[in-house]
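Inside the fold
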Amino acid sequence: MRKLTAALLACVMLLGLLAPASLAAGPTTEAIVDAALEFLYAHEGNYGSINKNDNGALSVGKIQWHADRALSLVRSVANSNPDNAKAILGDELYEEVLTAQSWATRVVDDEEAAALSALLTTAEGKAAQDSLATSDITGYIKRAKNLGLTDAAALVYFADLENQGGSGMSRRVAAAAAETVGSFGAVTLSDLHRAALADSVAGKYPVRRGQAYDYCQSLGWSSPAQVHFPKVATYKQGQFTDVAANQWYTKNVAAAVEFGLMKGDSDGTFRPNGQVTIAEAITMAARIHKIYTTGSQDFSQTPGSKWYQVYLDYAYQKGIIGRSYYTCDVNQKATRAQFAEIFANALPADALAARNTVADNAIPDVPASQSYAAAVYKLYRAGILTGGEDGAFRPQSNITRAEASAVAARMADTDNRVSITMK
């Protein structure tokens, strides 16, 4: 019995030693803080950066401490080496740093900015900034976790929000995301990003939000996003005279209509075997992208413009399509390869996370070397495309409206996606 107990104990100890490597629980708080600092250092400033008037008050240093936070940092540096600080700042500015009650509206001139920059690039200034930056970002992450956020990439994004707009903005954005998905714990990076773009303050800085999202996405930490578009219409069986109840595409047509992504013709038909044009494909992709990022598919048409121009412009501006599609004859019928290339960019990567094992070159008629292969394999792996019974994709065939409805339905709701394995 004693030998067995000892053996079991040895196994337990061995498993304990192996657990950190084999049962990884995700990035540590320290790793998340380091990732946030790396982004902020790249997008805010350097040790000696001085923004003389940043929305009504100065900002200073590596992560651009603003107003009273700038005063607190400068004061701590001055106190760490008073003689040197006084020599650099001069008597008047040095005395202000030590005694000022607030820098809430303090802006500086060129001479003062140069003096503050010189102080902040001393050994004491650099050490103080490194320490304060780590302390601040750790605080941001802890506050996010206390709210209930768990997605590591979302925590990094939250830290950037708080550094940019304070705790009021970061909490407001997180709360809006949580209300949309049901809880703070369910919020992913994409959820937080969408809420930020819709926020009255954070949304004023779409370039910065996009940079933060791209960086956080590149970390590879975000959980796959669940996609569930709101239904904006009601489908009734029989409303299209050419869509019978027992067709393979009937449920997809219903979903595409209910999500507001496709419509029938005025004569009461859907034309399931009709072929989709490039303009129609881009229009659907633009609607999907805008619903996902803003919750709305409202587009403002310019009087006198072509019906698809607003969607074409939007898709080009958002990177859904490149210039070759923007300048081509969009009234041409879309091939299945073109359709895949367009739709592969309609949702962010975590909303098209792989759920299927599809090896490179497993699709019999899509060699991985083809220019469109990356898009096709991405959509196969995400459960958006499945090909025919033999797995073939038929890349140069035109895509039908029935097939397009299947893609739209799966893009708009992860519950509709298909599981396959191709090795």
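Residues numbered from 1 in each chain as written. Predicted model: local features only at pLDDT ≥ 70, side-chain atom pairs only at ≥ 80, totals over all residues. Heavy atoms only, no water.

Along the protein, the regular secondary structure elements total 17 helices and five strands. If you line up the protein on its principal axes, its C-alpha atoms span 85 × 85 × 40 Å. Looking at the protein as a whole, 46% of its 423 residues qualify as buried. Taking as baseline every contact in the protein between residues at least 6 positions apart, the subset at least 24 positions apart corresponds to 69%. Of note, the protein has its 38 positive side-chain charges centred 8 Å away from the centre of its 42 negative side-chain charges. (Helix = DSSP H or I, 4+ residues; strand = E, 2+ residues; numbered from the N terminus. Buried < 20%, exposed > 50% of the residue type's maximum accessible area, 1.4 Å probe, protein only. Contact = heavy atoms within 4.5 Å. Lys, Arg positive; Asp, Glu negative; His and termini not counted. Charge placed at Lys NZ, Arg CZ, Asp CG, Glu CD.)

To continue, consider the nonpolar core. By size, the foremost hydrophobic cluster in this structure holds 74 residues, and its most contacted members are Phe339, Ile342, Phe343, Ile363, Tyr380 and Met411. Those elements that provide at least two residues to this core are α11 (250–258), α12 (278–294), α13 (309–317), α15 (336–343), α16 (373–381) and α17 (401–412). Looking at this core element by element, the count peaks at ten residues for α12. Ignoring anything within four residues of it in the chain, the contact list for phenylalanine 339 reads Val276, Ala281, Met284, Ile399, Ala404 and Val407. Formed by 61 residues, the second largest nonpolar core is a distinct cluster that contains Ala36, Leu71, Leu89 and Tyr140. (Core = buried A, V, L, I, M, F, W, Y, C linked by side-chain atoms within 4.5 Å.)

Paired through backbone hydrogen bonds, the strands of a sheet run either parallel or antiparallel to each other. The sheet built from three strands is open, its strands ordered β1-β2-β3 with antiparallel pairing. Two strands bound the open sheet, and with one partner strand each, they are β1 (50–54) and β3 (65–66). Here strand β2 (residues 57–60) pairs with β3 via two bridges, running antiparallel. Within β3, the residue paired with valine 60 across the bridge is tryptophan 65. Contacting β1 and β2, helix α6 (residues 110–120) runs over the sheet at an angle of about 135° to β1. (Pairing = 2+ DSSP bridges. Axes fitted to C-alpha atoms, helices over the stretch in contact; angles between N-to-C directions.)

It is worth spelling out the environment of phenylalanine 259 at this point. Inspection of the secondary structure assignment puts phenylalanine 259 in the loop between α11 and α12. C-alpha separation for the pair phenylalanine 259 and threonine 105, spaced 154 residues apart in sequence, amounts to 49 Å. Those residues in contact with phenylalanine 259 that lie beyond four places of it in its chain are Phe229, Pro230, Lys231, Val232, Ile291, Gln297, Ala409, Ala412, Asp413 and Asn416.

Glancing now at the pattern of salt bridges. Any two side chains of opposite charge can pair, on the condition that their charged atoms come close. Here the structure, examined in full by the defined rule, presents 16 salt bridges. Residue aspartate 191 is joined to arginine 194 by a salt bridge in which the shortest nitrogen-to-oxygen separation is 2.7 Å. Taken together, the residues span about one helical turn, with aspartate 191 and arginine 194 both in helix α9 (residues 189–198) at a distance of three residues. Summarising the burial analysis for this pair, aspartate 191 and arginine 194 share the class buried. (Salt bridge = Lys/Arg side-chain N within 4 Å of Asp/Glu carboxyl O.)

Let us look at the packing of aromatic side chains. In the structure shown here, the tally under the stated rule is eleven aromatic pairs. Each ring, one from phenylalanine 229 and one from phenylalanine 259, has its centre 6.3 Å from the other, and the planes form 80°; the classification is edge-to-face. Taken together, the residues phenylalanine 229 in the loop between α10 (206–218) and α11 and phenylalanine 259 in the loop between α11 and α12 connect sequence positions 30 residues apart. Classification of phenylalanine 259 as buried rests on a relative accessible area of 3%. Feature note: the residues Tyr235, Phe240 and Phe270 constitute an aromatic cluster, connected by ring pairs. (Phe/Tyr/Trp six-rings, centres within 6.5 Å; stacked < 30°, edge-to-face > 60°.)

Take the packing of helix α8 (residues 152–181) against α9 next. Two elements in contact, α8 and α9, have axes separated by 8 Å at closest approach and are oriented at 100°. Judged by the inter-axis angle, α8 sits roughly perpendicular to α9. In contact with Ala153, Ala154, Tyr157, Phe158, Leu161, Val173, Ala174, Ala176, Ala177 and Val181 of α8, α9 contributes Leu189, Asp191, Leu192, His193, Ala195 and Ala196. Its residues assigned to classes, the contact of α8 with α9 shows 14 nonpolar, one polar and one charged. (Parallel < 35°, antiparallel > 145°, perpendicular 65-115°, else oblique. Nonpolar A, V, L, I, M, F, W, Y, C, P; charged D, E, K, R; others polar.)

The next subject is the side chain of glutamate 403. Secondary-structure assignment places glutamate 403 in helix α17. What makes glutamate 403 buried here is its relative accessible area of 17%. A polar contact is formed between the side chain of glutamate 403 and the side chain of arginine 336, at a distance of 3.3 Å. Once residues within four sequence positions are removed from consideration, glutamate 403 is found in contact with Trp248, Arg336, Arg394 and Asn398. (Polar contact = N/O pair within 3.5 Å; in protein donor to acceptor, adjacent residues only side chain to side chain.)

Turning to the confidence of the model for the protein, a few remarks are in order. Across the protein, pLDDT averages 91, with 94% of residues at or above 70. Across residues 1–24, confidence stays below pLDDT 50; counting only partners more than four residues off in sequence or on other chains, it has one contact. (pLDDT = per-residue confidence, 0-100.)

Along its twelve residues, α17 runs 16 Å from first to last C-alpha, staying within 8% of the 16 Å computed at 1.5 Å per residue. Counting buried residues along α17, twelve of its twelve residues qualify, which places the element largely inside the surrounding structure. Restricting attention to buried positions, one finds in α17 the residues Arg401, Ala402, Glu403, Ala404, Ser405, Ala406, Val407, Ala408, Ala409, Arg410, Met411 and Ala412. Where α17 is buried, its residues contact α11, α12 and α15. (Expected span 1.5 Å × (residues − 1).)

Relative to the helices and strands, asparagine 356 is located in the loop between α15 and β4 (357–358). For asparagine 356, the side chain forms a polar contact with the main-chain oxygen of tyrosine 380, separated by 3.0 Å. Among the polar contacts listed, one links the side chain of asparagine 356 to the backbone nitrogen of isoleucine 420, at a separation of 3.0 Å. For asparagine 356, the residues in contact, after removing those within four places along its chain, are Tyr380, Arg381, Ala382, Gly383, Val418, Ser419 and Ile420.

This part takes up the pairing of β2. Across three bridges, the pairing between β1 and β2 is antiparallel. Following the sheet pairing, asparagine 51 is matched in β2 by serine 59. What sits between β2 and β3 in their antiparallel hairpin is a turn of four residues, with glycine 61 showing a positive phi close to 85°.

In this section: the packing of α12 against α13. Two numbers describe how α12 lies on α13: the axes approach to 9 Å, and their chain directions differ by 60°. Considering the angle they form, α12 stands oblique to α13. In the crossing of α12 with α13, the sense of the turn from one axis to the other is left-handed. When α12 is examined against α13, the residues Ile282, Thr283, Ala286, Arg287, His289, Lys290 and Thr293 are found in contact with a partner set consisting of Tyr311, Leu312, Tyr314 and Ala315. Classifying every residue of the contact of α12 with α13 gives six nonpolar, three polar and two charged. (Left-handed = near helix turned anticlockwise from the far one by under 90°.)

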